[in-house]
Amino acid sequence: MRIYFDNAATTPLCDEAFEAMVPYLKTHFGNPSSVYAEGRTARMAVENARKAIAGLLNASVGEIFFTSGGTESNNTAIKCAVRDLGVQRVISSPAEHPACSTLSNMYATTTGYGWTGSASPPPAGPISTTGRNCSTPAAD
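Residues numbered from 1 in each chain as written. Predicted model: local features only at pLDDT ≥ 70, side-chain atom pairs only at ≥ 80, totals over all residues. Heavy atoms only, no water.

## Structural notes on the overall build of the protein
Of the regular secondary structure elements, the protein holds four helices and two strands. Counted from the first residue to the last, the protein has its helices and strands arranged as α-α-α-β-α-β. When the 140 residues of the protein are sorted by exposure, 15% land in the buried category. Within the protein, residue pairs in contact and separated by at least 24 positions form 38% of the contacts whose partners lie at least 6 positions apart. As presented, the protein carries roughly 10,800 Å² of accessible surface, and 59% of it is formed by carbon and sulfur atoms. (Helix = DSSP H or I, 4+ residues; strand = E, 2+ residues; numbered from the N terminus. Buried < 20%, exposed > 50% of the residue type's maximum accessible area, 1.4 Å probe, protein only. Contact = heavy atoms within 4.5 Å. Areas by Shrake-Rupley, 256 points an atom, 1.4 Å probe, with all protein chains shown as cover.)

Next comes the structure, spelled out in structure tokens:
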């Protein structure tokens, strides 16, 4: 039996998500940023999805952002936190995705904002909710 462990990069779609997307992959594939009819149809689908997700999360539609993937999401979150929320220190570690650590380092060197990093990656093995390595026995 083969087990897939790279779910951080991509995951298989559940049947419901796939079926919901089929019309927009086959028929209504217009550019949602365009003004022609196919684009307006695609834009309506994006906005309806935004409203549905906002409703499920008890959020406003203005709080829901769709991105193309993890790197864009990480960049958006860090950039907006620094620019819009006044965050002046970003804490990161070598275990972070390179998109996070690269952007954090860029802000540290170009803006003077603080960057705090760990000198070494977290310990190998599963981590418990107490923060210690699960393979290390607890002190008595």
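From this point on, the discussion continues.
## Side note on the pattern of salt bridges
Within the structure shown, the criterion is met by three salt bridges. One salt-bridge network, in which partners are shared between bridges, spans Arg43, Glu47 and Arg50. (Salt bridge = Lys/Arg side-chain N within 4 Å of Asp/Glu carboxyl O.)

## Things to note about the side chain of serine 34
Note that serine 34 resides in the loop between α1 (15-26) and α2 (37-57). Accessibility expressed as a relative area gives 17% for serine 34, which makes it buried. One polar contact links the side chain of serine 34 to the main-chain carbonyl oxygen of asparagine 31, over a distance of 2.6 Å. Sequence-distant contacts of serine 34, that is, excluding residues within four places in its chain, are made with Gly39 and Arg40. (Polar contact = N/O pair within 3.5 Å; in protein donor to acceptor, adjacent residues only side chain to side chain.)

## Things to note about a nonpolar patch on the surface
On the surface, a cluster of nonpolar side chains totalling about 390 Å² of accessible area is made up of Leu13, Phe18, Met21 and Leu25. Mapped onto the elements of the fold, methionine 21 is located in helix α1. We classify methionine 21 as partly exposed; its relative accessible area is 36%. (Patch = residues over 30% accessible without salt bridge, like charges linked within 9 Å, V, L, I, M, F, W, Y side chains within 5 Å.)

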